[in-house]
Amino acid sequence: MKTENRKEEIINISSKLFKEKGYSAVSMRDIAQAMGIKAASLYNHITSKQEILSIIILDVAEKFTRGMDRIVESEDNAIDKLEKIIELHVNVTVNNADALGSLNNDWMHLVEPQLSYFLKLRSQYEENFRQIVKLGVDEGHLEPLNVEVMLFSILSTLRTLYLWYYKKEGVDTAELVVQMKTVLLRGVVLKP
């Protein structure tokens, strides 16, 4: 097997183990055992468990950042931008469900300079999201509610989507995007 393919396999298996047990509870021996190889063999492809965690978290964080950058740069109104953010979260979750566990639960185990880099990406992402919500209020497309409450409500749901998604089989991604947009932006109460 090629080095890059084996490295990708290590990352994928580690993502699953980190999601199931948490980063701290998983050893290099656990990863090797899940792959059916000796722990020493892992070091031919990866330097440490910390490197694995950094790759997992930063890869997903950068996907979110690139997606958000495209959304921010678009000429769309705030509602269209919020819909695209929801779609971004659904698509990243569907394609990286295991890695989202590390992104949300294990980021604090990153070491410098990766920790600072991740925190910068997360902070910029949240600020861009905040500004889009504010724009929606200013444009009169969103209720004039507390922006922080709206941001928290939407972002909390999107960040934990991976917990729900991996338990469901056969979920149609396009339909999930439509349903999430409806619930998060228009609510569930029938209008009289």
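As a convention, each chain's residues are numbered from 1 in the sequence order in which they are written. Two thresholds apply to this predicted model, a pLDDT of at least 70 for residue-level local features and 80 or more for giving and counting side-chain atom pairs, whereas whole-chain, interface and lining totals are computed over all residues. Excluded from the side-chain calculation are hydrogens and water; included are all heavy atoms of the structure.

- The name that an unreviewed UniProt entry assigns to the chain is TetR family transcriptional regulator, with the source organism given as Leptobacterium flavescens.

1. Some thoughts on unusual backbone geometry
Argument step 1. In the segment running from E112 into P113, the intervening peptide bond is cis, with an omega of 5 degrees.
Argument step 2. When you line up the elements, P113 lands in the loop between α6 (97-105) and α7 (114-138). Counting from the N terminus, the helices are DSSP H or I runs at least four residues long and the strands are E runs at least two residues long.

2. Regarding the nonpolar core
Most often, soluble globular proteins have nonpolar side chains that are buried together.
Argument step 1. Buried residues of nine kinds, namely Ala, Val, Leu, Ile, Met, Phe, Trp, Tyr and Cys, make up a nonpolar core once their side-chain atoms join them within 4.5 Å. Here the term buried applies to any residue with accessible area under 20% of the maximum for its type, exposed to any over 50%, and partly exposed to those in between, with areas from a 1.4 Å probe on protein chains only. Counting residues in hydrophobic clusters, the biggest one holds 58 residues, and the most contacted among them are I31, I52, L82, I85 and F129.
Argument step 2. Counting residues per element, this core draws most heavily on helix α4 (residues 49-73), at 10 residues.
Argument step 3. Here, two residues are considered to be in contact whenever any of their heavy atoms come within 4.5 Å of each other. Other than its neighbours up to four places away in sequence, F129 contacts M68, L82, I85, L151, I154, L155 and L158.

3. A word on helix α10 (residues 173-186)
Argument step 1. Under the convention used throughout, the expected extent of a helix is 1.5 Å for every residue step, that is, one less than its residue count. Taking 1.5 Å per residue as the helical rise, α10 with its 14 residues ought to reach 20 Å, and the 19 Å between its terminal C-alpha atoms agrees with that figure.
Argument step 2. For α10, the elements touching its buried residues are α5 (78-95), α8 (147-159) and α9 (161-165).
Argument step 3. One or two residues past the end of α10 sits G187, with phi positive at roughly 85 degrees.

4. As for the pattern of salt bridges
One side chain can pair with another of opposite charge once the charged atoms of both are near each other.
Argument step 1. Salt-bridge detection follows one rule: a side-chain nitrogen of Lys or Arg within 4 Å of a carboxyl oxygen of Asp or Glu. Per the stated rule, a full pass over the model turns up 10 salt bridges.
Argument step 2. For E9, the salt bridge is made with R6, and the minimal N-O distance between the two is 2.9 Å. One end of the pair is E9 and the other is R6, both in helix α1 (residues 3-21) and 3 residues apart, which spans about a single turn.
Argument step 3. On the basis of relative accessible area, E9 is assigned to the partly exposed category, the value being 23%.
Argument step 4. For E83, the salt bridge goes to R186, with nearest N and O atoms at 2.8 Å. With E83 in helix α5 and R186 in helix α10, the pair connects residues that are 103 residues apart, well separated along the chain.
Argument step 5. In this structure E83 comes out as buried when scored by relative accessible area, which is 17%.

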